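What the coordinates show
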Amino acid sequence: MWVLWALLRGRGSPLRRATDRREAWVALGALVLLVVGAPAAGWAGWTAADAALQRSVRAQHEERHFVDAVVVGPAGRERFAGDPEGGVERAARPYGVVASWEAPDGSPRTGKVATSSRPGGPGSPVRIWTDAAGHPVPPPMDGRTARTHAVLGGIGTFLVAAACVEAGRRLTVRRMVRRRYARLDREWAAAGPDWGRAGKGG
């Protein structure tokens, strides 16, 4: 509403400058972009990110498989992928063990693996994720996590678009103000030599 008020204010006043109207139109254009353009950019960013992430989720679920393994022994204190240190996250970190399992081609495999559940002693069963070659891999991303990342990406796109619109508006208005002052300086310099001489002489 303040933009419309700026456009209509002093519409018939002889003191209203052309630059005032242009600045008001710039503000109106920026407002339209903020209300329409930025949300559209955010929606497009969310759609593109969601599509890409869902494809990644499907590919990971096709490439990674649950495999039944057998615990051989403890893995020691080595850190595993996704094993943060300290704080609350440490309590939720995966457990590391040495396990043996069978690859898709039937060959036996033994190695250090991570599991989210506390494993038993040697000989206990444990389920791990492996790729098509039988190598241990992290669990695939689930659809809900992918959607959350996509939403965050859409929000980020919206904020970036809104910031660009506001930055463009500020830059345009700043240039217009500089041009206005430069023109006033030129006009003042031209009128300066004759300032105060009206009515003198004769």
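Preceding block: the structure.
Presented here is an overview of the structure given in this document. (Residues numbered from 1 in each chain as written. Predicted model: local features only at pLDDT ≥ 70, side-chain atom pairs only at ≥ 80, totals over all residues. Heavy atoms only, no water.)

Considering the overall build of the protein
Each helix and strand in the protein was counted, giving three helices and four strands. In the protein, the succession of α and β elements from N to C terminus is α-α-β-β-β-β-α. Taking all 202 residues of the protein together, 24% fall into the buried category. By sequence separation, contacts in the protein at least 24 residues apart represent 66% of the contacts at least 6 residues apart. Carbon and sulfur atoms make up 61% of the accessible area of the protein, which totals about 14,100 Å². (Helix = DSSP H or I, 4+ residues; strand = E, 2+ residues; numbered from the N terminus. Buried < 20%, exposed > 50% of the residue type's maximum accessible area, 1.4 Å probe, protein only. Contact = heavy atoms within 4.5 Å. Areas by Shrake-Rupley, 256 points an atom, 1.4 Å probe, with all protein chains shown as cover.)

Remarks on the pattern of salt bridges
Across all of its chains, the model carries four salt bridges by this definition. Note that Arg127 is salt-bridged to Asp68, the shortest N-O span being 3.2 Å. Taken together, the residues Arg127 in strand S4 (residues 125–130) and Asp68 in strand S1 (residues 65–74) connect sequence positions 59 residues apart. Judged by its relative accessible area of 47%, Arg127 is partly exposed. In this structure, Glu166 engages Arg169 in a salt bridge whose closest nitrogen and oxygen atoms are separated by 2.8 Å. Separated by three residues within a single helix, Glu166 and Arg169 lie in helix H3 (residues 143–191), roughly one turn from each other. (Salt bridge = Lys/Arg side-chain N within 4 Å of Asp/Glu carboxyl O.)

A word on the pairing of strand S2 (residues 95–102)
Pairing analysis gives four bridges linking S1 to S2, with the strands arranged antiparallel. Residue pairing across strands places Pro74 opposite Val97, the latter belonging to S2. Bridge count for S2 against strand S3 (residues 108–115) is eight bridges, and the pairing is antiparallel. Considered in S3, the bridge of Trp101 is made with Arg109. (Pairing = 2+ DSSP bridges.)

Considering the sheet that holds S3
Strand order in the open sheet made by the four strands is S3-S2-S1-S4, with antiparallel pairing throughout. Both edges of this open sheet fall to S3 and S4, since each of them pairs with a single strand only. The mean angle between the axes of side-by-side strands here comes to 50 degrees, regardless of whether they run parallel or antiparallel. Judged from the six bridges that link them, S1 and S4 form a sheet pairing that is antiparallel. (Axes fitted to C-alpha atoms, helices over the stretch in contact; angles between N-to-C directions.)

Comments concerning a nonpolar patch on the surface
On the surface, Val151, Leu152, Ile155, Phe158 and Leu159 cluster together to form a nonpolar patch covering roughly 430 Å² of accessible area. Structurally, the position occupied by Leu159 is in helix H3. (Patch = residues over 30% accessible without salt bridge, like charges linked within 9 Å, V, L, I, M, F, W, Y side chains within 5 Å.)

Focus: H3
Look at H3: 72 Å from first C-alpha to last across 49 residues, which is about the 72 Å you get at 1.5 Å a residue. Of the positions making up H3, those classed as buried are Ala146, Ala150, Gly154, Ala161, Ala162, Val165, Val173, Met176 and Arg180. Its side-chain oxygen at 3.1 Å from the backbone nitrogen of Arg144, Asp142 defines the N-terminal cap of H3. (Expected span 1.5 Å × (residues − 1). Polar contact = N/O pair within 3.5 Å; in protein donor to acceptor, adjacent residues only side chain to side chain.)

With respect to a positive patch on the surface
On the surface, a cluster of positive charge is contributed by Arg21, Arg22, Arg174, Arg175, Arg178, Arg179, Arg183 and Arg186. When residues of the positive patch are assigned to their parent elements, the largest contribution, six residues, is made by H3. Relative to the elements of secondary structure, Arg178 occurs in helix H3. Note on Arg178: relative accessible area 59%, which makes it exposed. (Lys, Arg positive; Asp, Glu negative; His and termini not counted. Charge placed at Lys NZ, Arg CZ, Asp CG, Glu CD.)

A word on the side chain of Gln60
In this structure, Gln60 sits in helix H2 (residues 18–63). You can call Gln60 buried: its relative accessible area is 15%. Among residues more than four places away in sequence, those in contact with Gln60 are Pro140 and Met141.

Function cannot be read off these values alone, since they describe shape.
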